[in-house]
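Below, each chain spelled out in residue letters.
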Amino acid sequence: MRLLLVPLGVLAVTAFALTADFPPPNKLPSQPEMPSPVVMRDGTKITTKADWEAKRRPELKELFQHYMYGKFPAKPEKVTAKVLFEDAKAFGGKGTLREVEITFGPPEWPKIYLLMAVPNGKTPAACFVGPNFEGNHAFVADERVRITPDWCYAGRPGVKDNKASAAGRGKVLDVWPFEQALDKGYAVATFYSGDIQPDRPEVQEGMRKTLGVAAGKKDPAETATVMFWAWGVHRAVDYLVTDKDIDAKKIAVVGHSRLGKTALLAGAFDDRIAVVIPHQSGCGGAGPSRSKNDKAEPVSRITKAFPHWFCGNFAEFGADTSKLPFDQNDLVAICAPRPVLMTNAEEDQWANPSGQFDVLKAAAPAYELYDLAKPIVADKMPETGKLASERLGFFQRPGKHSMNSDDWKVFLEFGDKWLK
Ligand code: GTR
């Protein structure tokens, strides 16, 4: 095994100070429609890019932390990376496969294990990065890929008693289809989300334990699980921007479902991410909290079923989402002027495809403050199977809730437009 140490340098500590005055959820004014990204909380209309960036965008970032995802943890002071193994002739020689251990704190802190492939002869390459559900070993059969010792989702290949095993090696080939991306000249990088924060509320573990965030949510704005996962994506990006095989200006984030919620939040809170692809992310992601689709998952349901994904304050809005001082259009707006693609499936109404299209439309006013080619978003929701590849892009395929190589065809096509 070849060991290679890559120092990534010291990063400045940039904790977010929550200074504004935030009333409790039930004391907020009712706003039946999605709040405009270009109107400040005090009613001031934003008309310039400078005011958007200096005033409204920071205001929205604070609001999303306080009322929905919890505090954005500080950037670690030091991030280091160690290449655990490398195979320069992987995928029949098409790519170089490596697994990188990313450390950002004392040895007992969680680490990120980034499994990545770069296309041989085509570097520096644009890269798709994102968290996964299955553990890295599920995506390639190589025996050197680490098997996570952390809690794993039941029902995934080779998982028994919530522990992954060698029986799962290479059993999930189309969720993160490395070869398909390499064939199109892209790099791919993924890590197991549970290595940062296992998806169970009742155990004090992962980053929650590290930062002393109580599982019982004494502070209703305490950092929640989706925020920890998004923060983990940022640590992967810390490494990727130093990798000479990656084009640091061309990093796209992708995630499915709860990890799609993560992808959108990660994109909104990190400008190094060039393209944002929340796939079937639904409520708490690209789906509106003020949903008009009665088949879609409501805030009242998600905050009961998955109380740890969001901070305590968010659950309060289950009774009345009109009190939310923002909606998910405002999270998309924070990504401006970067492209965002929402991808969906027709039978997955729980994730609210039509509501997501409304969210895209309602994010556009922030994009209009930039000098961008028009149209920024399609006039109407495109028919099933047709990609609307505008800067605020949308796609819906036939079928159900999953991420597969058909979805990747669309991610890669959107990449060809916005990352090449
Ligand atoms: C569902 C949840 C959705 C979505 C999904 C997933 O049970 O209601 O919001 O996140 O899980 O992550 O697979």
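Owing to the predicted nature of the structure, the values given are computational and were not obtained by experimental measurement.

1. Remarks on helix H4 (residues 225-240)
1) Next: Helix length check: H4 (16 residues) gives 23 Å between terminal C-alpha atoms against 22 Å at 1.5 Å per residue, within 8%.
2) Next: Summarising burial for H4: 16 of the 16 residues are buried, a large majority.

2. Some points on the pairing of strand S10 (residues 392-397)
1) Next: When you tally the buried positions in S10, you get six out of six residues, the bulk of the element.
2) Next: Residues Leu392, Phe394 and Gln396 point to one face of S10 and Gly393, Phe395 and Arg397 to the other, with burial holding for every one of them.
3) Next: As defined by bridge partners, strand S9 (residues 340-345) adjoins S10 across six bridges and the pair is classed as parallel. If you follow alanine 345 over to S10, its bridge partner there is arginine 397.
4) Next: With respect to chirality, the unit in which S9 leads through helix H9 (residues 353-367) into the neighbouring parallel S10 is right-handed.

3. Digging into the site of the ligand
1) Next: Contacts to the ligand come from Ser257, Arg258, Lys261, Glu297, Arg301, Ile302, Phe306, Trp309, Trp350 and His401.
2) Next: Glutamate 297 places a side-chain nitrogen or oxygen 2.5 Å from an oxygen atom of the ligand.
3) Next: Within the side chain of tryptophan 350, a nitrogen or oxygen atom sits 3.0 Å from an oxygen atom of the ligand.
4) Next: Look at the ligand: alone it shows 310 Å² of surface, and the protein chains cover 81% of it.
5) Next: Contributions of two or more residues to the shell around the ligand are made by helix H5 (258-268) and helix H6 (299-305).
6) Next: In terms of residue class, the shell around the ligand is built from four nonpolar, two polar and four charged.

4. With respect to the pairing of strand S3 (residues 95-103)
1) Next: Within S3, nine of the nine residues are buried, which leaves it mostly tucked inside the rest of the structure.
2) Next: Residues Gly95, Leu97, Glu99, Glu101 and Thr103 line one face of S3 and the alternating positions Thr96, Arg98, Val100 and Ile102 line the opposite face, and both faces are buried.
3) Next: By the bridge criterion, eight bridges tie strand S2 (residues 78-90) to S3 in an arrangement that is antiparallel. Within the sheet, the bridge partner assigned to lysine 82 lies in S3 and is glutamate 101.
4) Next: Adjacent in sequence and paired antiparallel, S2 and S3 are bridged by four residues, among which phenylalanine 91 carries a positive phi angle near 50°.
5) Next: Alignment of S3 against strand S4 (residues 112-119), held across eight bridges, turns out to be antiparallel. Bridge pairing in S4 links isoleucine 102 to isoleucine 112.

5. Section: helix H10 (residues 405-418)
1) Next: In a regular helix each residue adds 1.5 Å, so 14 residues correspond to 20 Å; H10 covers 20 Å between its end C-alpha atoms and thus fits that length.
2) Next: All of the buried residues in H10 are Asp407, Trp408, Val410, Phe411, Leu412, Phe414 and Gly415.
3) Next: In this structure, the buried residues of H10 make contact with strand S5 (125-132), helix H2 (178-183), strand S7 (246-256), strand S8 (275-279), S9 and S10.
4) Next: Where H10 starts, the residue carrying a side-chain oxygen 2.9 Å from the main-chain nitrogen of aspartate 406 turns out to be asparagine 404.

6. Things to note about the nonpolar core
1) Next: Counting residues in hydrophobic clusters, the biggest one holds 96 residues, and the most contacted among them are Leu114, Leu240 and Leu392.
2) Next: The element that contributes the greatest number of residues to this core is H4, accounting for eleven residues.
3) Next: Other than its neighbours up to four places away in sequence, leucine 392 contacts Val332, Val340, Leu360, Ala363, Ala364, Tyr367, Ile376 and Val377.
4) Next: Formed by 35 residues, the second largest nonpolar core is a distinct cluster that contains Phe395, Trp408, Val410 and Phe411.

7. Some words on the packing of H4 against H5
1) Next: Where H4 meets H5, the closest approach of the two axes is 8 Å, and the angle between their N-to-C directions is 60°. By the angle class used here, H4 and H5 are oblique. Handedness of the H4/H5 crossing: right-handed. Each of Val226, Met227, Trp229, Ala230, Val233 and His234 in H4 lies in contact with H5, whose residues at this interface are Arg258, Leu259, Lys261, Thr262, Leu265 and Ala266.

8. Focus: the confidence of the model for the protein
1) Next: Considering every residue of the protein, the mean pLDDT works out to 94; 95% of them sit at 70 or more.
2) Next: The low-confidence segment residues 9-19, where pLDDT is below 50, has 24 contacts with residues more than four positions distant or belonging to other chains.

9. What to know about the environment of leucine 63
1) Next: Here leucine 63 lies in helix H1 (residues 49-69).
2) Next: Taking relative accessible area as the criterion, leucine 63 reaches 0% and is therefore assigned buried.
3) Next: Sequence-wise, leucine 63 and phenylalanine 357 are 294 residues apart; in three dimensions their C-alpha atoms are separated by 23 Å.
4) Next: For leucine 63, the residues in contact, after removing those within four places along its chain, are Phe22, Arg41, Arg56, Met68, Pro325 and Phe326.

10. Structural notes on the side chain of arginine 391
1) Next: Within the fold, arginine 391 resides in the loop between H9 and S10.
2) Next: One buried charged residue, arginine 391, remains without a salt bridge, the closest side chain of opposite sign being aspartate 371 at 9.8 Å.
3) Next: Engagement of the side chain of arginine 391 in a polar contact is seen with the backbone oxygen of proline 337, the distance being 2.5 Å.
4) Next: Apart from the residues within four sequence positions on either side, arginine 391 is in contact with Pro337, Pro339, Val340, Tyr367, Leu372, Ile376, Phe414 and Trp418.

Each value, and the rule that gives it
- Residues numbered from 1 in each chain as written.
- Predicted model: local features only at pLDDT ≥ 70, side-chain atom pairs only at ≥ 80, totals over all residues.
- Heavy atoms only, no water.
- Helix = DSSP H or I, 4+ residues; strand = E, 2+ residues; numbered from the N terminus.
- Expected span 1.5 Å × (residues − 1).
- Buried < 20%, exposed > 50% of the residue type's maximum accessible area, 1.4 Å probe, protein only.
- Pairing = 2+ DSSP bridges.
- Right-handed = clockwise from strand over helix to strand, strands pointing away.
- Near = heavy atom within 4 Å.
- Polar contact = N/O pair within 3.5 Å; in protein donor to acceptor, adjacent residues only side chain to side chain.
- Areas by Shrake-Rupley, 256 points an atom, 1.4 Å probe, with all protein chains shown as cover.
- Nonpolar A, V, L, I, M, F, W, Y, C, P; charged D, E, K, R; others polar.
- Contact = heavy atoms within 4.5 Å.
- Core = buried A, V, L, I, M, F, W, Y, C linked by side-chain atoms within 4.5 Å.
- Axes fitted to C-alpha atoms, helices over the stretch in contact; angles between N-to-C directions.
- Parallel < 35°, antiparallel > 145°, perpendicular 65-115°, else oblique.
- Left-handed = near helix turned anticlockwise from the far one by under 90°.
- pLDDT = per-residue confidence, 0-100.
- Lys, Arg positive; Asp, Glu negative; His and termini not counted.
- Salt bridge = Lys/Arg side-chain N within 4 Å of Asp/Glu carboxyl O.

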